[in-house]
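Okay, here's what each chain looks like letter by letter:
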Amino acid sequence: MTDRKTHLDTLAVVSLIGCSFLWGLNQVAAKAALGEIAPLVQATIRSLGGVVLVMLWAWWRRIPLFQRDGTLPGGLLAGALFAAEFACIFIGLQYTTASRMIVFIYFAPFVVALGMPFIAKSERLGWVQTAGLVLAFAGVAGAFAEGFTQPAIGPRQWIGDALGVLAAVLWAATTLAIRATKLASASAEKTLAYQLGVSGVLLALGALWQGEAWPQSLSLMAGASLAYQTVIVVFASYLVWFWLVRHYPATRLSAFTLLTPVFGLLMGVLLLSEPLTLRLLLALAGVAIGMVLVNRK
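Parameters and conventions
Residues numbered from 1 in each chain as written. Predicted model: local features only at pLDDT ≥ 70, side-chain atom pairs only at ≥ 80, totals over all residues. Heavy atoms only, no water. Helix = DSSP H or I, 4+ residues; strand = E, 2+ residues; numbered from the N terminus. Buried < 20%, exposed > 50% of the residue type's maximum accessible area, 1.4 Å probe, protein only. Contact = heavy atoms within 4.5 Å. Patch = residues over 30% accessible without salt bridge, like charges linked within 9 Å, V, L, I, M, F, W, Y side chains within 5 Å. Areas by Shrake-Rupley, 256 points an atom, 1.4 Å probe, with all protein chains shown as cover. Salt bridge = Lys/Arg side-chain N within 4 Å of Asp/Glu carboxyl O. Phe/Tyr/Trp six-rings, centres within 6.5 Å; stacked < 30°, edge-to-face > 60°. Core = buried A, V, L, I, M, F, W, Y, C linked by side-chain atoms within 4.5 Å. Axes fitted to C-alpha atoms, helices over the stretch in contact; angles between N-to-C directions. Parallel < 35°, antiparallel > 145°, perpendicular 65-115°, else oblique. Left-handed = near helix turned anticlockwise from the far one by under 90°. Nonpolar A, V, L, I, M, F, W, Y, C, P; charged D, E, K, R; others polar.

A. Spotlight on the overall build of the chain. The helix and strand inventory of the chain stands at 12 helices and 0 strands. Shown N-terminal to C-terminal, the secondary structure of the chain runs as helices and strands in the order α-α-α-α-α-α-α-α-α-α-α-α. Here the chain holds 297 residues, and 49% of them are scored as buried. A separation of at least 24 residues holds for 87% of the contacts in the chain among residues at least 6 apart in sequence.

B. View of a nonpolar patch on the surface. Among the surface-exposed residues, Leu48, Val201, Leu202, Leu205 and Leu208 lie close enough to one another that they form a single nonpolar patch of about 460 Å² accessible area. Among the elements that line the nonpolar patch, the one with the most residues is helix α8 (residues 188-210), at 4 residues. With respect to the element layout, Leu48 can be found in helix α2 (residues 39-61). Residue Leu48 is classed as partly exposed on the basis of its relative accessible area of 35%.

C. Structural detail: the packing of aromatic side chains. Overall, the coordinates contain 7 aromatic pairs when judged by the stated rule. Plain terms: the ring middles of Phe82 and Phe86 are 4.7 Å apart, the flat faces sit at 55 degrees to each other, and that makes the pair tilted. Placement of both Phe82 and Phe86 in helix α3 (residues 72-92) is noted, with a separation of 4 residues, approximately one turn of the helix. The pair formed by Phe82 and Phe86 is uniform in burial state, with each residue classed as buried. Aromatic side chains Phe86 and Phe90 sit 6.4 Å apart centroid to centroid with 40 degrees between the ring planes, which places their arrangement in the tilted category. Residue Phe86 and its partner Phe90 are located together in helix α3, separated by 4 residues, close to a single helical turn. Given a relative accessible area of 1%, Phe90 falls into the buried group.

D. Structural view of the nonpolar core. In this structure, Ile89, Leu93, Val103, Phe107 and Leu196 are the most contacted members of the largest nonpolar core, which totals 67 residues. Apart from the residues within four sequence positions on either side, Leu196 is in contact with Ser47, Gly50, Val51, Val54, Phe82 and Val234. The next biggest cluster of nonpolar side chains, apart from the first, holds 6 residues, and it includes Ala12, Leu16, Leu244 and Leu253.

E. Just the environment of Ile17, in detail. Residue position: Ile17 is located in helix α1 (residues 10-33). Ile17 sits 246 residues away from Phe263 along the chain, and the two C-alpha atoms are 9.8 Å apart. Ignoring any residue separated from it by four or fewer positions in sequence, one finds Ile17 in contact with Phe256, Leu259 and Phe263.

F. Local environment of the packing of α2 against α3. Closest axis-to-axis distance for the α2/α3 pair is 9 Å, and the angle between their directions is 135 degrees. Classified by the angle between their axes, α2 and α3 sit oblique to one another. When the axes of α2 and α3 are compared, the crossing they make is right-handed. The residues of α3 that touch α2, namely those facing Pro39, Leu40, Gln42, Ala43, Arg46 and Ser47, are Phe82, Phe86, Ala87, Phe90 and Ile91. Taken together, the residues that form the contact of α2 with α3 break down as 8 nonpolar, 2 polar and 1 charged.

This is the structure in structure tokens:
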């Protein structure tokens, strides 16, 4: 049986802070490589490289991935939603900043909270959770409106912002699809393999349809970005997260995801010299406080 703890110890806290930092830096790494690697090609390499690593890990740990257990329909759905999510993120980063993108993406937990009662009646929202949703939505709406009235990086910034919001909805839909199908009882490795494998194929077809060219050579920076996204984020950090979910209380873990948009915003400003606006800071505060309220019992 799994040794499940009732509190977060030092190992859990350090691991959570590390994962949040890695996830926050991910959008910055993707944005930095866009000058050399087209968006859908970059997302394809990330997914296909990640699924190979997951399959090797499962083989080493003797975790079955290909047995018939009725998870195929849910896996295909989750993989398709995952592909659409990352297509929105990578295309959107061409129009908006990485720091804005990470704030919009982390609206996803609130969409999950809104949709979960339709799947599990026991997870209905109380007035505190509803207030958190409203606060988070107000913050995101304020930041989104800035793309029309005072765009920081050009008149088409609103396109990237809109794709960030859509990516959040798709991320939430992926979570709900996993919860509502037989994937809910599948291993974390199998669920991740479905998402990465199906999305890799669909993203590759999308890149082909868009006529995106595959890079013939890469600079050290672009190669490091791809390696970081594939090995560190998609493979290593996700496995650490799944391990944490198995051993520690999920509600306490979720509170630490608040650090991800904070790290993402800071890294975008520090590493890419992206503009930091008052509305973006207010949006981040709204999302952070809203997530605390939504996670309250």
